Amino acid sequence: MPVAMKRIASAALAFAANPIPIDPSGWPERFPAKDHCSRCGLCETTYVKNVEDACAFLGPGMGRIDDLEVKVHGRGRNLNDMAWSDDATGSADEGRFGVLHRPIMLAKGVETEAQWTGVVTGIAVSMLDSNMVDAVVCIAGGDDWSQPEPILARTISDVLRGRGVKPALAPSLRVLDEIKADPSVRRLLFCGVGCAVQAFRSIEDELGLEETYVLGTNCADNSPTPHAARNFLSKGVGVDEGTVKGYEFMQDFKVHVKTEDGYEKKPYFCLPGEIAQDAIATSCLACFDYTNALADVVVGYMGAPLEGATRMDEAYQTLTIRNDRGASMVTAAEDAGRLNIGDVAGGTGSHEKIAMATVLADSIVLGMTGGEVKEEGMPRLIGEVMAFIIGRVGPKGINFARYSIDYHLLRNYLHVLDAWGDKRANASLPKYATEIVEKYLSTDDKLVELKETIRSRH
Ligand code: SF4
Ligand code: SF4
């Protein structure tokens, strides 16, 4: 073997034996997925050695979800159960929402300091309190939004540090080496968003734990940094970001912002067109796992109807249980009186036309396809009228979630096509996402035009 080859081979062996975590100050340039790195934390540990197989944005990326579903849940989702408006029953379909152990339910927690009603906190606290787990990986938010920090929580008060808004990408997996080195952690609850859960599922066997549970949240369009989130709130929504306790895009087509002084709502349509570019992390434009397919239990809000509640901290959330482990996690919280489960989550209204209209008006799509991105949003009064009308006639409950999933998925498909070209883009879509994209391509010429415009630029 030539000398240079020998050196490369021995460097590779040395790295495998003693991998060097990447310094977070080098994010994103020094991280393998570069701009598409969602800063899940894996590369900030010695598990960086697994990055090529674990990262949701390298190689086939989220296309690995199909195989991982079988590994984690014992089966893949039923792709024949894919609801469209003309045959949607209202309750969640497996094709779009992932493996379902039972129908998606509505749920409320009993926590008063949470961003919502504390369903995630209630499950995590109950599992720790009932000795189901030795520790919980969660993100400590901090009131000042400075740095969302992952922690290995061992007490209820530690877990309660994770309440409230998480304004930006957070490196949940940064504590992997701490877990591995601590013999007192044998049973673990990992809390995280889809991209972090995918990386965790890919390396969990190496942690040598007796039992792992995963509690996921739905996630779309995260901010790259706390600074970008603050900027969105001050420049986009027009609130004093220093007072914000939580914010979300809700079913009434308004951004809801909970502040120290009150509660603000602003119609989506009134947001400046250019605000999305900086407010959304590039990784989130390549994400096809809004519903967190690989978690045992998923807590979300997008499929829960807003009727009867005007604020996020009064509203129901959705609870998705994917397997037996997930069912035992939920039982722990119910038994402890920290979780109230309501009806099966249902929905009304068709979603495809409005999903496609949102794609066509999306500033990121317009930016990719040479369209005009409007600096200003609609005048407030017109935006309020639009939100009122669409809120009345548009999709609600689970059908609103179908709208949101399809819109994000189509926009993100166009993004990966633009960023990575046909071959890699197609590989990075899980099968369910490919089916949804193909359905829209077969029924909407405008999507075909957008696709061809992007391809013609490569
Ligand atoms: Fe590493 Fe995670 Fe970034 Fe992928 S997303 S490059 S695994 S830190
Ligand atoms: Fe990760 Fe997707 Fe959430 Fe972005 S939208 S933080 S890529 S799960």
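Residues numbered from 1 in each chain as written. Chains lettered and ligands numbered in written order. Predicted model: local features only at pLDDT ≥ 70, side-chain atom pairs only at ≥ 80, totals over all residues. Heavy atoms only, no water.

Asks: Sorry if this is basic, but what is going on with a nonpolar patch on the surface here?
Replies: The grouping of L381, V385, F388, I389 and V393 at the surface amounts to a nonpolar patch, some 530 Å² of accessible area in total. Note that L381 resides in helix α14 (residues 380-393). The exposure class of L381 is exposed, given its relative accessible area of 66%. (Patch = residues over 30% accessible without salt bridge, like charges linked within 9 Å, V, L, I, M, F, W, Y side chains within 5 Å. Areas by Shrake-Rupley, 256 points an atom, 1.4 Å probe, with all protein chains shown as cover. Salt bridge = Lys/Arg side-chain N within 4 Å of Asp/Glu carboxyl O. Helix = DSSP H or I, 4+ residues; strand = E, 2+ residues; numbered from the N terminus. Buried < 20%, exposed > 50% of the residue type's maximum accessible area, 1.4 Å probe, protein only.)

Asks: Explain the sheet that holds strand β3 (residues 149-153) to me, please; I cannot follow it from the model alone.
Replies: The pairing of strands in a sheet comes from backbone hydrogen bonds and takes either a parallel or an antiparallel form. Strand order in the open sheet formed by 8 strands is β3-β2-β4-β5-β9-β10-β1-β11, and the pairing between neighbours is mixed. The open sheet terminates on both sides in strands that have one partner only, identified here as β3 and β11 (339-344). The mean angle between the axes of side-by-side strands here comes to 25°, regardless of whether they run parallel or antiparallel. Here strand β2 (residues 135-140) runs beside strand β4 (residues 187-192); their pairing, made up of 3 bridges, is parallel. By the bridge assignment, V137 is partnered in β4 with F190. Packed on one face of the sheet, helix α5 (residues 119-129) meets β1 (105-109), β2, β3, β4, β5 (211-217), β9 (297-300), β10 (317-321) and β11 and runs near 165° to β5. Each of β4 and β5 touches helix α8 (residues 194-203); the most contacted strand, β4, lies at about 150° to it. (Pairing = 2+ DSSP bridges. Axes fitted to C-alpha atoms, helices over the stretch in contact; angles between N-to-C directions. Contact = heavy atoms within 4.5 Å.)

Asks: Honestly, the packing of helix α16 (residues 431-443) against helix α17 (residues 445-456) in this entry has me stumped. Any pointers?
Replies: Helices that pack against each other are described as a pair by the angle of their axes relative to one another and the distance between those axes. The N-to-C vectors of α16 and α17 enclose an angle of 110°; their axes lie 5 Å apart at closest approach. As the angle between them shows, α16 and α17 are arranged roughly perpendicular. Taking contact as the criterion, the partners of V437, Y440, L441 and T443 in α16 are, on α17, D445, L447, V448 and K451. Of the residues that constitute the contact of α16 with α17, the class distribution is 5 nonpolar, 1 polar and 2 charged. (Parallel < 35°, antiparallel > 145°, perpendicular 65-115°, else oblique. Nonpolar A, V, L, I, M, F, W, Y, C, P; charged D, E, K, R; others polar.)

Asks: Looking at this model, I keep getting lost on the pattern of salt bridges. Mind explaining?
Replies: Note that side chains of opposite charge can pair when their charged atoms are close. Counted according to the given criterion, the structure contains 23 salt bridges. Measuring nitrogen to oxygen at the nearest pair gives 2.6 Å for the salt bridge that ties R174 to E44. Of the two residues, R174 is situated in the loop between α6 (156-160) and α7 (176-181) and E44 in the loop between α1 (3-17) and α2 (51-54); the sequence distance between them amounts to 130 residues. E44 gets classed as buried once you look at its relative accessible area, which sits at 10%. A salt bridge links D93 to R402, with the shortest nitrogen-to-oxygen separation between them at 3.1 Å. In this pair, D93 is assigned in the loop between α3 (65-73) and α4 (94-97) and R402 in helix α15 (residues 398-427), connecting sequence segments 309 residues apart. The exposure class assigned to D93 is buried, which follows from its relative accessible area of 1%. Shared partners join several salt bridges into a network, and the residues in it are R39, E44, E149 and R174.

Asks: Explain the pairing of β4 here, please?
Replies: Consecutive side chains along a regular strand alternate between the two faces of the sheet. β4 sits mainly inside the fold: 5 of its 6 residues count as buried. Pairing of β4 with β5, which is carried by 6 bridges, proceeds in the parallel orientation. Bridging from a neighbouring strand, C191 pairs with L215 of β5.

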